[in-house]
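Residues per chain, in single letters:
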Amino acid sequence: MSRHPPAPRPISHAGYQDVPDDAGNAASRGWWDENAAEYLAEHGDFLGDAGFRWGPEGLTEAEAGLLGDVSGARVVEVGAGAAHCARWLATRGARVVATDVSARMLAGAAHLNDATGLAVPLVQADARRLPFAAGSADVVFTSYGAIPFVADARRVHAEAARVLRPGGRWVFSVTHPVRWAFPDDPTTRGLTADRSYFDRRPYVEADDRGEVRYAEYHRTVGDHVRDVAAAGLRLRDVVEPEWPAWNTATWGGWSPERGAVLPGTAVFVTTKD
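About the criteria used
- Residues numbered from 1 in each chain as written.
- Predicted model: local features only at pLDDT ≥ 70, side-chain atom pairs only at ≥ 80, totals over all residues.
- Heavy atoms only, no water.
- Helix = DSSP H or I, 4+ residues; strand = E, 2+ residues; numbered from the N terminus.
- Rg over C-alpha atoms; globule rule 2.2 N^0.38 Å.
- Buried < 20%, exposed > 50% of the residue type's maximum accessible area, 1.4 Å probe, protein only.
- Pairing = 2+ DSSP bridges.
- Right-handed = clockwise from strand over helix to strand, strands pointing away.
- Salt bridge = Lys/Arg side-chain N within 4 Å of Asp/Glu carboxyl O.
- Axes fitted to C-alpha atoms, helices over the stretch in contact; angles between N-to-C directions.
- Contact = heavy atoms within 4.5 Å.
- Nonpolar A, V, L, I, M, F, W, Y, C, P; charged D, E, K, R; others polar.
- Polar contact = N/O pair within 3.5 Å; in protein donor to acceptor, adjacent residues only side chain to side chain.
- Core = buried A, V, L, I, M, F, W, Y, C linked by side-chain atoms within 4.5 Å.
- Arc of directions from axis to C-beta.

A. Local environment of the overall build of the protein. Along the backbone of the protein there are seven helices and 10 strands. Compactness check: the protein gives a C-alpha radius of gyration of 18 Å against a globular reference of 19 Å for 273 residues, within 12% of the reference. Dimensions of the protein along its principal axes, counting C-alpha atoms only, are 55 × 50 × 40 Å. For the protein, with 273 residues in total, the buried portion stands at 52%.

B. View of the pairing of strand 3 (residues 95-100). When strand 2 (residues 74-77) meets strand 3, the two strands line up parallel, connected through four bridges. In the strand pairing of strand 3, V76 is matched with V97. In this region the chain leaves strand 2, passes through helix 3 (residues 84-91) and returns to the parallel neighbour strand 3; the handedness of that crossover is right-handed. Sheet analysis places strand 3 next to strand 4 (residues 122-124), joined by three bridges and oriented parallel. Across the sheet, residue T99 finds its bridge partner in strand 4, namely V123. Handedness of the strand 3-helix 4 (residues 103-116)-strand 4 crossover: right-handed.

C. Representation of the pattern of salt bridges in the model. With the rule as written, the count across this model stands at 17 salt bridges. Its salt-bridge partner being R74, residue D138 comes within 3.2 Å of it at the nearest N-O pair. Here D138, found in strand 5 (residues 137-143), pairs with R74, found in strand 2; they are 64 residues apart in sequence, far enough to count as distant. A salt bridge links D199 to R195; its shortest N-O distance comes to 3.2 Å. Because the salt bridges share partners, they merge into one network encompassing D126, R128, R129, D152 and R155.

D. Structural detail: the sheet that holds strand 6 (residues 164-175). The strand order 4-3-2-5-6-10-9 describes an open sheet built from seven strands, whose pairing is mixed. Sheet topology places strand 4 and strand 9 (233-239) at the edges, where each strand pairs with a single neighbour. On average, each strand axis in the sheet is inclined to that of its neighbour by 20 degrees, with strand direction left out of account.

E. The arrangement of the packing of helix 1 (residues 21-47) against helix 4 in detail. At a closest axis distance of 7 Å, the pairing of helix 1 and helix 4 adopts a crossing angle of 35 degrees. The segment helix 1 lies against helix 4, with W32, D33, A36, Y39 and L40 engaging A103, R104, M105 and G108. When grouped by side-chain class, the residues that make up the contact of helix 1 with helix 4 number six nonpolar, one polar and two charged.

F. Expanded view of the side chain of D207. With respect to the element layout, D207 can be found in strand 7 (residues 203-207). Residue D207 is classed as buried on the basis of its relative accessible area, which comes to 4%. Separated by 2.9 Å, the side chain of D207 and the backbone nitrogen of R209 make a polar contact.

G. Region of interest: the nonpolar core. F52, W54, L67, V75, L89, F141 and V171 are the most contacted members of the largest nonpolar core, which totals 33 residues. The element best represented in this core is helix 3, accounting for four residues. When near neighbours in sequence (up to four residues on either side) are disregarded, V75 contacts L89, A94, R95, V96, V97, V139 and F141. Counting 24 residues, the second-largest nonpolar core is a separate cluster that includes V140, V150, A153 and V156.

H. Expanded view of helix 6 (residues 221-230). Among the residues making up helix 6, those that are buried are D223, H224, D227 and V228. The arc enclosing the buried residues of helix 6, seen along the axis, measures out at 135 degrees, which places them on a common side. Buried residues in helix 6 make contact with helix 5 (153-163), strand 6, strand 9 and strand 10 (265-272).

I. Up close: the pairing of strand 2. Judged from the three bridges that link them, strand 2 and strand 5 form a sheet pairing that is parallel. Across the sheet, V76 pairs through a bridge with V140, a residue of strand 5.

J. Quick peek at unusual backbone geometry. A positive phi angle, close to 65 degrees, is found at A83, a residue other than glycine. Here A83 lies in the loop between strand 2 and helix 3.

This is the structure:
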């Protein structure tokens, strides 16, 4: 008997539809395990082995300073992927731990730890159940991690709030909610809205048996604000990076053509009072 798992069944359906929360949540780990190598090969140069970008526009933490002074700070990254951001923070003197639900993404992180000599601690963990004590972190953050890929994002915010010390900072970036009203097309065809901004059905990919293989969840600006407030956090800023002239790259639905007129990323800065 082969010890290798069977190959995943091909995707036969993709679109916006309601699915059970547990099916959407469970799909995330498998999808990132399956696609980790391809993702890192495609985007690794842009992200940098020890670089910190908040989104496809290319805004860096060095430019934005959204986490504040991290020298000596206890920092937790959730949905870290290959821990590019955490590695950059380590060069700034942060005591940082990188977490992700995907073992394959963390394997990529371990490879980059070895390649760079920056041995950032890596922990496999669900962002909704972090294995850290209450009040043990000064900063918790995620750059496009965790929140878009779970049906119950309030639990991510609640965990960030639990782990933070009073006065600590929780910062997260997501696809700008306005973008969900437009097709995921990097050309000018992607500049015409084709669905309601208020349609909160997730984008889902499923195989011919109906098994959910990928799910990504839309939340309006108001939804994100309410989720932050429900966790007892105070919203300090919402950053909407503009597309810079130097960035000529296309990343999925992000591109210079769209970035010139539509926001692609929203970064929410919050604190725990």
